[in-house]
Amino acid sequence: MSTASSAEPARAAAPPVPPPPVLRAHALTRTYGKGDTAFRALRGVDLTVARGESLAIVGRSGSGKSTLMHLLALLDRPTTGRVEVHGTDASTLSARELNRVRNSEFGFVFQQFFLTAGQTVFENVSLPLVIAGVAPKERRRRTLEALDSLGLADKAGNRATDLSGGQKQRVVVARALVGEPSVIFADEPTGNLDTATGGQVEDILFGLRRDRGITLVVVTHDHELAARCDRSVTIADGLVVADRPAEVAA
Ligand SMILES: Nc1ncnc2c1ncn2[C@@H]1O[C@H](COP(=O)(O)OP(=O)(O)O)[C@@H](O)[C@H]1O
Ligand SMILES: [Mg+2]
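Treat the numbers as computed from the prediction; the structure is a model and nothing was measured.

**Topic: the site of ligand 1**
Taken together, the neighbourhood of ligand 1 is formed by Y32, F39, A41, R60, S61, G62, S63, G64, K65, S66 and T67. Measuring from an oxygen atom of ligand 1, one finds a backbone N or O atom of G64 at 3.0 Å. Between K65 and ligand 1, the recorded distance is 2.8 Å, taken from a side-chain N or O atom to an oxygen atom. In isolation ligand 1 exposes 560 Å². Once the protein is present, 57% of that is buried. Of all the secondary-structure elements, those providing two or more residues to the shell around ligand 1 are β2 (39-49) and α2 (65-72). A total of 3 residues in the shell around ligand 1 trace back to one element, the largest contributor, which is α2. Across the shell around ligand 1, the residue classes break down as 3 nonpolar, 6 polar and 2 charged.

**Focus: the sheet that holds strand β8 (residues 215-219)**
Spatially, the 6 strands line up as an open sheet ordered β6-β7-β8-β3-β9-β10, and their pairing is mixed. What marks the edges here is a single partner per strand, and that holds for β6 (106-110) and β10 (239-245). Neighbour-to-neighbour, the strand axes of this sheet turn through a mean angle of 15 degrees, independent of strand direction. In the packing of helix α3 (residues 95-105) onto the sheet, contacts are made with β6 and β7 (183-187), and the angle to β6 comes to roughly 75 degrees. Contacts from helix α6 (residues 165-177) reach β6 and β7 within the one sheet, and its direction differs from that of β6 by about 165 degrees.

**Describing the packing of aromatic side chains**
In the structure shown here, the tally under the stated rule is 4 aromatic pairs. Considering the side-chain rings of F106 and F185, the 5.0 Å spacing of their centres and the 85 degrees angle between planes classify their relative orientation as edge-to-face. Of the two residues, F106 is situated in strand β6 and F185 in strand β7; the sequence distance between them amounts to 79 residues. The exposure classification of F106 matches that of F185, with both residues buried. When the ring of F108 is compared with that of F185, the centres are 6.0 Å apart and the planes differ by 15 degrees; the resulting orientation is stacked. Of this pair, F108 sits in strand β6 while F185 sits in strand β7; the two residues are 77 residues apart in sequence, bridging distant segments of the chain. Neither F108 nor F185 differs from the other in exposure class; each is buried. Counting every residue linked through ring pairs, the aromatic cluster contains F106, F108, F110 and F185.

Rules behind the numbers
Residues numbered from 1 in each chain as written. Chains lettered and ligands numbered in written order. Predicted model: local features only at pLDDT ≥ 70, side-chain atom pairs only at ≥ 80, totals over all residues. Heavy atoms only, no water. Near = heavy atom within 4 Å. Polar contact = N/O pair within 3.5 Å; in protein donor to acceptor, adjacent residues only side chain to side chain. Areas by Shrake-Rupley, 256 points an atom, 1.4 Å probe, with all protein chains shown as cover. Helix = DSSP H or I, 4+ residues; strand = E, 2+ residues; numbered from the N terminus. Nonpolar A, V, L, I, M, F, W, Y, C, P; charged D, E, K, R; others polar. Pairing = 2+ DSSP bridges. Axes fitted to C-alpha atoms, helices over the stretch in contact; angles between N-to-C directions. Contact = heavy atoms within 4.5 Å. Phe/Tyr/Trp six-rings, centres within 6.5 Å; stacked < 30°, edge-to-face > 60°. Buried < 20%, exposed > 50% of the residue type's maximum accessible area, 1.4 Å probe, protein only.

What follows is the structure, given as C-alpha cells:
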C-alpha cells in the first residue's frame, strides 16, 4: 500500500499489537480451610493458554487439576495470584461481570454440572441462552443448531434422564457450545463413558476446536485423550512439573 491517504497516516504507522492470550494464570495459589486444617492445593502456578490451543491438564488424583481448572474458569478465586482472561485481570471484575464472562466466553463439560432431570434436552441446552437474556426466537434457533451439530435433533423433546450416558454427555457438550464460547473447559469429559462413546465425545470436542477455533482445556487421566491435545501440563502436589507438546508426554 503505497498510496495511504493523508487522512489516516497514524493508522498506517501503528505497529501491530498481538492479542493477549485467552487465559493467563500468574503465581496462582489456592489454600482450602484455615489454621491447622489448611491445605495448599495449588502452590504457585504460572500458565498461559493461547487462542485455539488444546491443552491437557494431567496428574495424579488429588494433585490440584480440578482446583486449577476452577480458577482458570473463574468458578473459584485464588488465595493469591491472578487469572487474566483476554488480558483482563479477573480480580478487577464485579460478580456481575464475572458471570457475564463465564456465560459468554466459557463452556463447561463437567460431570458435576448435572443436567436438570425433569427438563427436556431442549430446555437443558438452551439454559445458558436464557441466562444470557437471548430472545426466544434466536434461542430456539441456536439451541436447535447446537443439538443438530451433536446428532441430537430428534432428542430435543426427550427428558434428559431418559438418555444413555453417551447421549447425556453430548447434551452437556451441546449446552457448553450453545453460547458460542471462546473456551471449553472439560473435567474428565470421558471419565464415565465406555471407550467407543468416550471417543465420540472426544471427536466432537476436537471437531469444535478445528472447525470453530474454540480453545480446549481438558483435565484427564486418559493418556490417549491427553496425546490428542497440542500440549500437556502435568500437575504434582499443586505445582506444574512438566509443560510440553502432548505427543512427547509420558
Ligand atoms: N473444597 C475443598 N476443601 C478442602 N480440600 C479440598 C477441596 N477441594 C479439593 N481439596 C483438596 O485439594 C487437593 C486437590 O484437589 P483437586 O484439585 O480436586 O485434585 P484433582 O482434580 O487433581 O484430583 C486434594 O487433596 C483435595 O482433597
Ligand atoms: Mg479432579
